[in-house]
Amino acid sequence: MNNFRKIDIDAIEDDYLNDDDLLEIDPRSEQDALSYFTSLQAQVRGLVNGGDVTNALGLILDDPPYGPTVDSARKINTDTVIQILSSTRTSDISNVINNLQPNQQDNLMKYIYKCMSLPVAEQIGNVFLSWHEKLTQVAGTGSIVRVMTDRKHI
């Protein structure tokens, strides 16, 4: 009578979800995304060098690459975000965040969490924590919840 607890349902049923089935895939091809984000990186660097951090960050956060098919573009975009975050003065962080759209703020939160998991966080982790603190003050904890439940992994 207790044998039903030992049955492996997944072995019997063919239609079950894999983790890969839940991932969203970027519609751009690897080559298209790579060329687009390489040119975007150059444009963003020009804006940062000109002192326009708000527009540079907004531009890079508008439509980030996501999914497993655009790894090179994701790395370029992440490196660009790290450069922007680490080159911004602490006194300017709140102003930059206030000028971002809500979807850009959520994407920034995704990048902050991603950057905290990278080896670079050992050297400049305090930068990411400063941005996280200011972003949470502006966007609230709702941004954290949206990031944790979003299937678009950047």
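Provided above is the structure to which this section pertains.
Let us look at the structure shown here. Note that the structure is predicted; figures quoted are calculated from it, not measured.

This part is about the overall build of the protein chain. For the protein chain, the count of helices and strands is nine helices and zero strands. Counting from the amino terminus, the protein chain carries its helices and strands in the arrangement α-α-α-α-α-α-α-α-α. In the protein chain, which comprises 154 residues, the share counted as buried stands at 36%. Across the protein chain, contacts joining residues at least 24 apart in sequence account for 75% of those joining residues at least 6 apart.

Structural remark: α-helix, 3.6 residues per turn; residues separated by three or four positions point the same way. Among the ten residues in helix H4 (residues 53-62), seven count as buried, and that is most of the element. Turning to H4, its buried residues number three or more, namely Val-53, Thr-54, Ala-56, Leu-57, Gly-58, Ile-60 and Leu-61. Buried positions along H4 lie against helix H3 (30-49), helix H5 (71-87), helix H6 (93-98), helix H7 (102-116) and helix H8 (121-139).

Right, let's talk about the pattern of salt bridges for a bit. On inspection of all chains with the given rule, the structure shows seven salt bridges. The partner of Asp-71 in a salt bridge is Arg-74, and the shortest N-O contact between them spans 3.0 Å. A residue pair is termed a helical-turn pair when its members lie 3 or 4 positions apart in one helix, as Asp-71 and Arg-74 do in helix H5 at three residues. Accessibility expressed as a relative area gives 46% for Asp-71, which makes it partly exposed.

Now for the environment of Ile-60. Summarising the element assignment, Ile-60 is placed in helix H4. Placed 21 residues apart in sequence, Ile-60 and Val-81 show a C-alpha to C-alpha distance of 7.4 Å. Non-local contacts of Ile-60, meaning those with residues more than four positions away in its chain, are made with Leu-40, Val-44, Asn-77, Thr-80, Val-81 and Ile-84.

Here we take up the side chain of Asn-77. Tracing the backbone through its elements, the reader meets Asn-77 in helix H5. Excluding its chain neighbours within four sequence positions, the residues that come into contact with Asn-77 are Phe-37, Ile-60, Pro-64, Pro-65 and Tyr-111.

This paragraph deals with helix H9 (residues 141-149). Where H9 is concerned, the buried positions are Ser-143, Ile-144 and Val-147. For H9, the arc enclosing every buried residue in end-on projection is 100°, short of the 170-degree limit, so these residues lie on one face. Along H9, the residues that are exposed and aim more than 90 degrees away from the buried face are Thr-141, Val-145 and Thr-149. Buried residues along H9 sit in contact with H7 and H8.

What counts as what
- Residues numbered from 1 in each chain as written.
- Predicted model: local features only at pLDDT ≥ 70, side-chain atom pairs only at ≥ 80, totals over all residues.
- Heavy atoms only, no water.
- Helix = DSSP H or I, 4+ residues; strand = E, 2+ residues; numbered from the N terminus.
- Buried < 20%, exposed > 50% of the residue type's maximum accessible area, 1.4 Å probe, protein only.
- Contact = heavy atoms within 4.5 Å.
- Salt bridge = Lys/Arg side-chain N within 4 Å of Asp/Glu carboxyl O.
- Arc of directions from axis to C-beta.

From the geometry alone we can't say anything about function, so treat these as descriptive.
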